[in-house]
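Below are the chains, spelled out letter by letter.
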Amino acid sequence: MNTTTVLPSADEMYAALVARDSQYEGVFFVAVKTTGVFCRPTCTARKPHRRNIEFFPCTAEALAAGFRPCRRCRPLEALGDAPPWIAQLLQQVDQDVSRRWTDGQLREMGIRPERLRRWFKQHHGITFQSYLRSRRMSGALGQISVGQSVTGAALDNGYDSLSGFRDAFQKWCGEVPGSVKLGASPIIVSRVPSPLGPMVVAAGDDGICLLEFADRRMLETQFKRLVRLTGRPLATGDHQLINRLACQLQEYFAGARTEFDVPIQLAGSPFQMAVWRELLNIPYGRTKSYEQLATAIGKPGAQRAVGRANGDNRLAIAVPCHRVIRSDGTLSGYGGGVWRKKRLLQLEQHQTRLD
């Protein structure tokens, strides 16, 4: 499964959704914000308003963004022409999301656990047990993001108590309990949509301290670093700065914003801080090479260290590390994937030409 496939345009996907075009089966999945459900493009359910949907290239990303699979079109069964035993198992999972499946219970159904693991990894990029955990956590986070109380969302998605949900959330985000200061106000974590996939955002009253694409492999590491650097716990919820950033991201992707004015928090070594501040000086629609960036901070020849600092940037887009390229003009590593880096640069350069 390739989670970095560039999707068709939103207009093309919405037209395919309305037409229930089977040619787009497996190309994208559509999630409905008002119901918390994601579907195949050929789902027979009534079509939602355009403003209420998000598109995803794979089921794993839709789950990570807080959506659950549709019971009508069963998107988890679509990619691999699921055998009957998979359909039966997923039906039972739908009936009770809180159930903890053991290998013994699977064998009682005639399902070999290792076969189940291989099928999920092949068709969805995650194991069955990872799917169950993601289903519970993403369902709870999705409900919280649309206004459900934390307690209600936790109980609805199979957690025995609020403390149980918090423990699971801390494991998911990599919180280090020993590094948290007693009585410290929490950093609020939520998600925001974007045309390039869902993003995870974290904010305190002093500013936005994390903005990453939800499928970034370093996300857990970044959470651990954030807690260690701030000494503050993490909690899901709503925050005015997150709402403000979400609006500014919409304007950015629409070509109506070239700078972000929501306050941000930078925390790192003196060298990292110097690199990140210089990133903020790269104009919209322009690029710098790693060599130029190293020279700009007074460290000529340190382009490799600059590249590592770029990779450690926790504020994608807002601190524009995507504007740094190789000296020959080619694109290199980007935490959200080189394909996203290319799309961001294309967006900015296209808008600059129009202006």
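Residues numbered from 1 in each chain as written. Predicted model: local features only at pLDDT ≥ 70, side-chain atom pairs only at ≥ 80, totals over all residues. Heavy atoms only, no water.

1. A word on the pairing of strand 6 (residues 199-204)
Thinking step 1. Most of strand 6 sits out of view: six of its six residues are buried.
Thinking step 2. Side chains Met199, Val201 and Ala203 of strand 6 all project onto a buried face; the interleaved residues Val200, Ala202 and Gly204 project onto the opposite face, where all are buried too.
Thinking step 3. When strand 5 (residues 187-192) meets strand 6, the two strands line up antiparallel, connected through five bridges. Pairing of Val192 across the sheet is with Met199, part of strand 6. (Buried < 20%, exposed > 50% of the residue type's maximum accessible area, 1.4 Å probe, protein only. Helix = DSSP H or I, 4+ residues; strand = E, 2+ residues; numbered from the N terminus. Pairing = 2+ DSSP bridges.)

2. Quick word on helix 3 (residues 84-95)
Thinking step 1. Over its 12 residues, helix 3 runs 17 Å from end to end, which matches the ideal 16 Å to within 8%, given 1.5 Å per residue.
Thinking step 2. Buried residues of helix 3: Trp85, Ile86, Leu89, Leu90, Val93 and Asp94, and no others. (Expected span 1.5 Å × (residues − 1).)

3. Some details on the sheet that holds strand 1 (residues 29-32)
Thinking step 1. Pairing is mixed across the open sheet formed by four strands, whose spatial order is 3-1-2-4. Looking along the sheet, the strands with just one partner apiece sit at the ends: strand 3 (53-56) and strand 4 (68-69).
Thinking step 2. In the sheet, strand 2 (residues 37-39) pairs with strand 4 via two bridges, with the strands oriented parallel. Bridge pairing links Phe38 to Pro69 in strand 4.
Thinking step 3. The sheet strands contacting helix 1 (residues 10-19) are strand 1 and strand 3, and the helix crosses strand 3 at an angle near 105°. (Contact = heavy atoms within 4.5 Å. Axes fitted to C-alpha atoms, helices over the stretch in contact; angles between N-to-C directions.)

4. Brief notes about the packing of aromatic side chains
Thinking step 1. Scanning the model with the defined rule gives eight aromatic pairs in all.
Thinking step 2. Pairwise contacts between aromatic rings join Tyr252, Phe253, Phe260 and Tyr284 into one cluster.
Thinking step 3. Positioned over the ring face of Phe213 is Arg340, at 4.2 Å from the centre of the ring. (Phe/Tyr/Trp six-rings, centres within 6.5 Å; stacked < 30°, edge-to-face > 60°. Lys NZ or Arg CZ within 6 Å of the ring centre and 35° of its normal.)

5. Examining empty space enclosed by the protein
Thinking step 1. Within this structure, the stated rule accounts for two cavities of 30 Å³ or more.
Thinking step 2. By volume, the largest cavity amounts to about 60 Å³.
Thinking step 3. Forming the boundary of the largest cavity are Pro69, Cys70, Arg74, Pro75, Leu76, Glu77, Leu90, Asp94 and Tyr131.
Thinking step 4. Tallied by class, residues from the lining of the largest cavity come to six nonpolar, no polar and three charged. (1 Å grid on protein atoms, 1.4 Å probe; cavity = no way out; pocket = protein on both sides within 12 Å on 5 of 7 lines; lining within 4 Å. Points joined across faces, edges and corners; volume = space filled by probe spheres on them. Nonpolar A, V, L, I, M, F, W, Y, C, P; charged D, E, K, R; others polar.)

6. Observations regarding the environment of Arg244
Thinking step 1. Residue position: Arg244 is located in helix 10 (residues 240-253).
Thinking step 2. When its relative accessible area of 37% is taken as the criterion, Arg244 is described as partly exposed.
Thinking step 3. Taking the C-alpha atoms as reference points, Arg244 and Phe260, separated by 16 residues in sequence, lie 10.0 Å from one another.
Thinking step 4. Dropping the residues within four chain positions of it, Arg244 is found in contact with Asp261, Val262 and Pro263.

7. Examining the side chain of Glu278
Thinking step 1. With respect to the helices, strands and loops of the structure, Glu278 is situated in helix 11 (residues 270-279).
Thinking step 2. The buried category is assigned to Glu278, whose relative accessible area is 14%.

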